Amino acid sequence: MSIASWPESERPREKLLSQGAATLNDSELLAIFLRTGIKGVNAVELARRLLQEFGSLSSLLSATLPAFKATPGLGEAKYAQLMACTELARRALSEQLKLGDALSSPQQVRDYLRLSIGRREVETFVVIFLSAQNRLIEVEEVFRGTLTETRVYPREVLRRALRHNAAALIVAHNHPSGVSEPSSADRVLTDTLKRALELVDIRLLDHFVVTGGHAESFAERGWL
């Protein structure tokens, strides 16, 4: 049954306008983005199939172009739109971090990191440089490695922190395996970074291990 034949209160677009975007489920929101379905399948059903095929919304948002195009009815134009939506969300979160205290909005930090590096296919080490008021100064991808590891040099992190005149840092790296449990090497690196930064009176506030669906905090575990 086409969406046009549904009761108006159940159509995704009308439901969003009357009740707000938060009332829609993932399939309904994705259907608004898709706009149309394919032969014999309306947009909501196509959205459900996509979510089932990719496993989750975050996996869909980080899909490669070949994987996305493998679904009938989807092509480069919709892929470009989807990637633009993801980038807009990341930039909006970045703006919010610049306006607020990073410590008072840990969920925004998590969301930003998941969108930025959570689905990377190689390990990427990111540093968030903060002012004395914990306001965002800059975010930099400092190191990039392989599928399983990346080499991080504390001296380089320290050099960049001094260049930005940062008073505090949050660091993060992704696990392409999808497992967010920190490794023993992650803990050693964190301790080394913390000691190096303390020598120049810079605080290490947190270290996140990030996947597409989660960001594990060292600070919340009491490891900092």
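Up top is the structure these notes are about.
Just so it is clear, the structure is predicted and the values come from calculations on it, not from any experiment.

Cut-off values and rules
- Residues numbered from 1 in each chain as written.
- Predicted model: local features only at pLDDT ≥ 70, side-chain atom pairs only at ≥ 80, totals over all residues.
- Heavy atoms only, no water.
- Core = buried A, V, L, I, M, F, W, Y, C linked by side-chain atoms within 4.5 Å.
- Buried < 20%, exposed > 50% of the residue type's maximum accessible area, 1.4 Å probe, protein only.
- Helix = DSSP H or I, 4+ residues; strand = E, 2+ residues; numbered from the N terminus.
- Contact = heavy atoms within 4.5 Å.
- Pairing = 2+ DSSP bridges.
- Axes fitted to C-alpha atoms, helices over the stretch in contact; angles between N-to-C directions.
- Polar contact = N/O pair within 3.5 Å; in protein donor to acceptor, adjacent residues only side chain to side chain.
- Left-handed = near helix turned anticlockwise from the far one by under 90°.
- Nonpolar A, V, L, I, M, F, W, Y, C, P; charged D, E, K, R; others polar.

With that settled, consider the nonpolar core. Nonpolar side chains in soluble globular proteins tend to end up buried together. Grouped together as the largest cluster of nonpolar side chains are 20 residues, with contacts concentrated most on Leu30, Leu34, Leu50, Leu60 and Phe68. Of the residues forming this core, the biggest block, 7 residues, is contributed by helix α3 (residues 43-54). Apart from residues no more than four positions distant in its own chain, leucine 60 is found in contact with Leu30, Leu51, Phe54, Phe68 and Leu82. Judged by nonpolar contacts, the second largest core, of 17 residues, contains Val127, Val142, Leu158 and Leu189.

Read from one edge to the other, the open sheet built from 5 strands follows the order β2-β1-β3-β4-β5, with strand pairing classed as mixed. Pairing within the sheet leaves two strands with one partner each, and these edge strands are β2 (136-144) and β5 (215-217). Going across the sheet, the axis of each strand differs from the next one's by a mean of 20°, ignoring polarity. Strands β1 (124-130), β3 (168-174) and β4 (203-210) of the sheet are contacted by helix α9 (residues 184-198), whose axis makes an angle of about 160° with β4.

Tracing the sequence through the fold places threonine 124 in strand β1. Classification of threonine 124 as buried rests on a relative accessible area of 1%. On a C-alpha basis, the gap between threonine 124 and valine 210 in space is 9.8 Å, while along the polypeptide they are 86 residues apart. A polar atom in the side chain of threonine 124 sits 3.5 Å from the side chain of arginine 120.

It is the contact of helix α2 (residues 26-34) with α3, at a shortest axis distance of 8 Å, that shows an interaxial angle of 115°. Considering only the axes of α2 and α3, their crossing is right-handed. Only Ala43, Val44, Leu46, Ala47, Arg48, Leu50 and Leu51 of α3 make contact with α2, whose side of the interface consists of Asp26, Ser27, Leu30, Ala31 and Leu34. Its residues placed into classes, the contact of α2 with α3 shows 9 nonpolar, 1 polar and 2 charged.

Turning next to the side chain of histidine 207. Position of histidine 207 among the secondary structure elements: in strand β4. Taking the relative accessible area as the measure of exposure, histidine 207 reaches 0% and is therefore buried. A distance of 3.0 Å separates a polar atom in the side chain of histidine 207 from a polar atom in the side chain of histidine 173. Contacts of histidine 207, omitting those with residues within four sequence positions, involve Phe125, Val171, Ala172, His173, Asp186, Thr190, Glu216, Ser217, Phe218 and Leu224.

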